[in-house]
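# Secondary and tertiary structure notes
Listed below are the residues making up each chain.
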Amino acid sequence: MLPAILSGIGVAGAAVWAGFQTMWPTSQICGRTFIGAPPGSRVLALTYDDGPNDPYTWRMMEVLKRHDVRATFFLIGQFVEQKPEIARALVAAEHAIGSHTWDHPNLIFSSQAEVRRQLERTRQAILDATGVDTKLFRPPFGGRRPATLRAVRAAGFEPIMWNVTCYDWKAKSADEIVAHAARQVRGGDVILLHDGGYLRMGANRTRTVDASEQILTRYKNEGYRFVTIPQMMNTPL
Ligand SMILES: [Zn+2]
């Protein structure tokens, strides 16, 4: 019975591994997703999730404007409906915007029909607020299954992940956020940050705002150019 037991462990181990892969941002096992330009590229993309968030999205925009940098914001549909003027301001400032679902479910547990509802309702909210019919999508928590990505693509969206996690949602200081970035940046990276909090409007993102100021200063000094996700997707090898 030993082979049977071993193969049982193998199956269980594989299931755990596959489950882990559905949440791991750079994993390609559930289908190809964009995670950055080729390593060593002299470009970086700042991405901000869970907004629009009053007043922190405004403060983030001030920092980015001071550095003359455009970033990419993945917006939650219900917050766009609450604060359409912030979504409009992002577009007016030439930042790229994408969808981050209507109310931030983990899509691993969502039916295909629910994924489609989340995508369409958010697409419409963003379109109504900004006039932009966005093609970019980032799954909440990075959660996706092959079926999730099929539904996302069928709805006309490109799934965008990231490869630098700054853990800003639980960081105790801006320095801690910057240190997480410094450990992972190697050029061509998509950096995950948050201008909002998915649970409610008004989540305090002071540390992320301060960390963004430091990250921009540091990597511009090192010769990196900050680009949006659409710009980075056109980055040649
Ligand atoms: Zn999120």
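Residues numbered from 1 in each chain as written. Predicted model: local features only at pLDDT ≥ 70, side-chain atom pairs only at ≥ 80, totals over all residues.

Helix and strand content of the protein chain: nine helices and eight strands. Computed over its C-alpha atoms, the radius of gyration of the protein chain comes to 18 Å, within 12% of the 18 Å expected for a compact globule of 237 residues. In terms of principal-axis extent, the alpha carbons of the protein chain reach across some 65 × 40 × 35 Å. A buried classification covers 43% of the 237 residues belonging to the protein chain. Across the protein chain, every contact between residues at least 6 apart in sequence was considered, and the portion connecting residues at least 24 apart equals 79%. (Helix = DSSP H or I, 4+ residues; strand = E, 2+ residues; numbered from the N terminus. Rg over C-alpha atoms; globule rule 2.2 N^0.38 Å. Buried ≥ 20, exposed ≤ 12 C-beta atoms within 10 Å, placed from the backbone. Contact = placed C-beta atoms within 7 Å.)

Let's shift gears to the packing of helix 2 (residues 56–66) against helix 8 (residues 206–221). For the pair helix 2 and helix 8, interaxial distance at closest approach is 9 Å and the crossing angle is 15 degrees. Here helix 2 is positioned roughly parallel relative to helix 8, judged by the angle of their axes. When you trace helix 2 past helix 8, the crossing you get is right-handed. Of the residues in helix 8, those in contact with Tyr-56, Arg-59, Met-60 and Val-63 of helix 2 are Val-209, Ser-212, Glu-213 and Leu-216. Tallied by class, the residues present in the contact of helix 2 with helix 8 amount to five nonpolar, one polar and two charged. (Axes fitted to C-alpha atoms, helices over the stretch in contact; angles between N-to-C directions. Parallel < 35°, antiparallel > 145°, perpendicular 65-115°, else oblique. Left-handed = near helix turned anticlockwise from the far one by under 90°. Nonpolar A, V, L, I, M, F, W, Y, C, P; charged D, E, K, R; others polar.)

Attention now moves to the environment of Asp-175. Looking at the element boundaries, Asp-175 is found in helix 7 (residues 174–184). Judged by C-beta crowding, with 13 C-beta atoms within 10 Å, Asp-175 ranks as partly exposed. It is 26 Å that separates the C-alpha atoms of Asp-175 and Ile-160, two residues lying 15 residues apart in sequence.

A separate point is helix 8. Because the α-helix completes a turn every 3.6 residues, residues three or four places apart line up on one side. Between its first and last C-alpha, helix 8 extends 23 Å over 16 residues, near the 22 Å set by a 1.5 Å rise per residue. Turning to helix 8, its buried residues are Arg-207, Thr-208, Val-209, Ala-211, Ser-212, Ile-215, Leu-216 and Tyr-219. Looking at the packing, one finds that the buried side of helix 8 touches strand 1 (43–51), helix 2, helix 7, strand 7 (190–194) and strand 8 (225–226). Just beyond helix 8, the residue with positive phi is Gly-223, at close to 95 degrees. (Expected span 1.5 Å × (residues − 1).)

Turning to the confidence of the model for the protein chain, a few remarks are in order. Where the model shows low pLDDT, its predicted coordinates should not be examined in detail. Taken over all residues, the pLDDT of the protein chain has a mean of 91, while the share at 70 or more is 90%. Predicted confidence for residues 1–9 stays below pLDDT 50, and this span has zero contacts to residues more than four positions away or in other chains. (pLDDT = per-residue confidence, 0-100.)

Further remarks concern the environment of Leu-119. Mapped onto the elements, Leu-119 comes out in helix 5 (residues 112–130). The class of Leu-119 is buried, set by 22 C-beta atoms lying within 10 Å. C-alpha of Leu-119 to C-alpha of Thr-101: the two residues are 18 residues apart in sequence and 5.8 Å apart in space. Those residues within four positions of Leu-119 in sequence are excluded, and the remaining contacts are Ser-99, Val-152, Ala-155 and Phe-157.

Our focus in this paragraph is the pairing of strand 7. Counting buried positions over the five residues of strand 7 gives five, a clear majority of the element. In strand 7, alternate side chains face the same way, and those of Val-190, Leu-192 and His-194 on one face and Ile-191 and Leu-193 on the other are all buried. Where strand 1 and strand 7 come together, five bridges link them in parallel fashion. Residue pairing across strands places Thr-47 opposite Leu-192, the latter belonging to strand 7. Here strand 6 (residues 164–165) runs beside strand 7; their pairing, made up of two bridges, is parallel. In the strand pairing of strand 7, Thr-165 is matched with Leu-192. The handedness of the strand 6 to strand 7 crossover, carried by helix 7, is right-handed. (Pairing = 2+ DSSP bridges. Right-handed = clockwise from strand over helix to strand, strands pointing away.)

Here we come to the pairing of strand 2 (residues 72–75). The two faces of strand 2 match: Thr-72 and Phe-74 on one face and Phe-73 and Leu-75 on the other face are all buried. The β-α-β motif built from strand 1, the intervening helix 2 and the parallel element strand 2 has right-handed crossover chirality. Taken together, the four bridges between strand 2 and strand 3 (residues 96–99) define a ladder with parallel strand orientation. Each residue of the ladder has a partner; that of Phe-73, found in strand 3, is Ile-97.

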